[in-house]
Amino acid sequence: MVVLSNNDGFVVARSKEAKVLGIGDLQAFFKVEHLLRRHKVNIFSSNYPLYGDISSRVMSTLQNYSPNIEVYSIDEMFLMLDGMPVDYSQYGHEIKNCLWNHIRMPVGVGIAPSKTLAKMANRTAKKILRCQGVCVLDQAYKWEWVLRRVHVTAVWGVAKRMAARLADMNIHTAWDLATANPKMVRRKTNVLIEQTIEELNGRACLSLNEIPPAKKQIYCTRSFGNKAKTLQPVLEAAALYAARAAEKLRFQNHLALTIHVFIHTSPFQPNFHSVSDVVQLPYPTDDTRIITHAARNAAKKLYREGHAYLKAGVGLIDIIDKKDYQFDLFNSGQPERADKLMRIIDTINRTEGKGAVFLAAQGVNKPWYMRQQYTSPQYTTKWNDIPVVKA
Amino acid sequence: MKLRYLGDHKNQIKLETPLYLSKVQAGFPSPADDYMDKRLDLTEKLIKHPAATFYCRVSGNSMEGVGIFDGDLLIVDRAVTPQNGNVVVAVVDGDMTCKLLDTINKNLLSANEKFPPIKIGEDVECLIEGVVIHSIRSHVCTG
């Protein structure tokens, strides 16, 4: 089985069997499509409503196991087990079994004194069959055993580039890093690596981020389902992405000052054409209409006839917290009526479903909209898609 | 420079009428205001484990004896431990099916004479997916 990216462009997830077939991570779908079909591999488009719902079920179930939880990503969560006088291995299995029984979600559990070691324990839980999905690295000899056996790139936060610099210092395995002189490594790299070394020795430096920090920039970018060869789809896409970004902006109670708009053609085709523009908004705002207007104007100026555009994006790049906003003496700022209207739009879209009300500038039929040919049913979020049982 | 006493600042503000009276514009405040309660919520009443509860639709008539008909909506709770006599959703040979659980004789029973029991264990692969805690049928023709 494989799962494709947003626009059915790339393979983003592969089952073991697909990996055995030699399907690489982030491989272009069109390049491997024939191979997948020949071996009757199940192909799925991304189904974010389903993934999102399952993820939130997992998170709320995990809340029964610890009062302090960090949702790190859609499929990764940290639980603080401090002050829980329990057998960690047993607790890990309990969590794992509960998620399987309640949600049918298979997970790996890694338990350790620091986040970096917990990530390593989680990786070990998945790689070593004998662990049965749960790995506890609560004592130095246990993490030493693991760290000696893995390359430094397996450590959380160590990318390939960093690994190359570490190799110059004769640091190859994770254990080499754990036993390196932190001050010396820091001098040649950065402070984050020093933290990682501490963490690898079981001293927690990274705390739990229970409240995710507000995003400093908000981007909405997507590829076109069919390449845009006229101005109309480019303008509609700019309007849609501006509206999505504005929605996210309001959700985190921020206002935007500046937006970034870009469009480009396929980098794999001749005459690659990539243009972008940065536009100041008339006043700090979260009004979809103002942001859409600015994004459309920018897109109109960027567009050149004779190109087939592959991708467009709108970013809110300079944003401030709504409560920190100081009123300008000479500029009245966003009128209260706009706040009200946006609140109403958000309420309707929340209760009636995404896109229940939208600006006509986004287009109605959206023939340019992303391709998703192989979606699985939205089993838990759409009444028409709920599973059927025989009786 | 001479200073002249003008009186306390407070005394300068003169209220013609009490503030709250002038604010009432129309109508009489609802006597129910203090007694507002949340409207009854069916999901809150029916579902004890929201994260572990799923919905599915019935197809077929093998469970009519316990009042589950074709097209009914099932509320399935995975957090409930299946017990003898429970209506369950089970996967039998890859198909999801709704049956009565008989743990004593290790059978999945139908609530309709026309359907024989299904023996669990030996050659039939069976996995209990969850316990049917409610079934909902519509009595108007909407579908």
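Everything numeric in this text was worked out from a predicted model, so none of it was measured.

About the cut-offs
- Residues numbered from 1 in each chain as written.
- Chains lettered and ligands numbered in written order.
- Predicted model: local features only at pLDDT ≥ 70, side-chain atom pairs only at ≥ 80, totals over all residues.
- Heavy atoms only, no water.
- Helix = DSSP H or I, 4+ residues; strand = E, 2+ residues; numbered from the N terminus.
- Buried < 20%, exposed > 50% of the residue type's maximum accessible area, 1.4 Å probe, protein only.
- Contact = heavy atoms within 4.5 Å.
- Areas by Shrake-Rupley, 256 points an atom, 1.4 Å probe, with all protein chains shown as cover.
- Patch = residues over 30% accessible without salt bridge, like charges linked within 9 Å, V, L, I, M, F, W, Y side chains within 5 Å.
- Salt bridge = Lys/Arg side-chain N within 4 Å of Asp/Glu carboxyl O.
- Core = buried A, V, L, I, M, F, W, Y, C linked by side-chain atoms within 4.5 Å.
- Pairing = 2+ DSSP bridges.
- Axes fitted to C-alpha atoms, helices over the stretch in contact; angles between N-to-C directions.
- Buried area = accessible area lost by both parts, 1.4 Å probe.

(A) A look at the overall build of chain B. Summing up its helical and strand segments, chain B has three helices and seven strands in all. Moving toward the C terminus, one meets the helices and strands of chain B in the order α-α-α-β-β-β-β-β-β-β. A burial count over chain B gives 29% of its 143 residues as buried. Contacts spanning at least 24 positions in sequence make up 51% of the contacts within chain B whose residues lie at least 6 apart. With an accessible surface of roughly 11,100 Å², chain B has 56% of that area assigned to carbon and sulfur atoms.

(B) How the structure looks around unusual backbone geometry. Residues and elements named next belong to chain A. The backbone of lysine 40 sits at a positive phi, close to 55 degrees, despite the residue not being glycine. By secondary structure assignment, the location of lysine 40 is in the loop between α2 (29–38) and β3 (43–44). Residue lysine 40 is classed as exposed on the basis of its relative accessible area of 72%. Not every positive phi belongs to a glycine, and asparagine 170 is a case in point at roughly 70 degrees. Topologically, asparagine 170 is positioned in the loop between α7 (160–168) and α8 (174–178).

(C) Here's a closer look at a nonpolar patch on the surface. Residue and element names in this part refer to chain A. On the surface, Phe10, Val12 and Leu26 cluster together to form a nonpolar patch covering roughly 260 Å² of accessible area. As for its placement among the helices and strands, leucine 26 is situated in the loop between α1 (16–20) and α2. A relative accessible area of 53% means that leucine 26 is categorised as exposed.

(D) Fine view of the nonpolar core. All names here are of chain A. Counting 32 residues, the largest nonpolar core has Phe224, Val234, Tyr241, Ile259, Ile291 and Leu316 as the members making the most contacts within it. Contributions of two or more residues to this core are made by β8 (218–228), α11 (231–251), β9 (254–265), α12 (288–302) and β11 (309–321). At 10 residues, the largest contribution of residues to this core is made by α11. With near-sequence residues (within four places) excluded, isoleucine 259 lies in contact with Asp277, Val278, Val279, Leu281, Ile291, Ala294, Ala295, Gly315, Leu316 and Ile317. Grouped together as the second largest cluster of nonpolar side chains are 29 residues, Ala121, Ala125, Leu147 and Leu166 included.

(E) Just the sheet that holds strand β1 (residues 2–4) of chain A, in detail. All names here are of chain A. Taking strand neighbours across the sheet as the criterion, the three strands line up as β2-β1-β3 in an open arrangement whose pairing is mixed. Each having just a single partner strand, β2 (11–14) and β3 make up the two edges of the open sheet. Of the pairings in the sheet, the one linking β1 to β2 comprises three bridges and is antiparallel in character. The partner of valine 2 across the bridge, within β2, is arginine 14.

(F) Expanded view of the sheet that holds β11(A). All names here are of chain A. Spatially, four strands are ordered β8-β11-β9-β10 in an open sheet, and the strand pairing comes out antiparallel. The open sheet has two free edges, formed respectively by β8 and β10 (274–285), since each of these has just one partner strand. Taken over all neighbouring pairs, the strand axes of this sheet differ in orientation by 15 degrees on average, direction set aside. Direction of pairing for β8 relative to β11: antiparallel, over a ladder of seven bridges. From the neighbouring strand, threonine 221 faces β11, where its bridge partner is glycine 313. Here α12 sits on the sheet and contacts β9, β10 and β11; the angle it forms with β10, its principal contact strand, is near 155 degrees.

(G) Spatial organisation of the interface of chain B and chain A. Contact with chain B, which involves 27 residues of that partner, is made by 15 residues of chain A. Overall, the association of chain B and chain A removes approximately 1,800 Å² of surface from exposure, summing both partners, and the carbon and sulfur fraction of that is 59%. Summed over the shared surface of chain B and chain A, the number is two salt bridges. In this structure, the salt-bridge partner of Asp95(B) is Lys390(A), at a minimum N-O distance of 3.2 Å.

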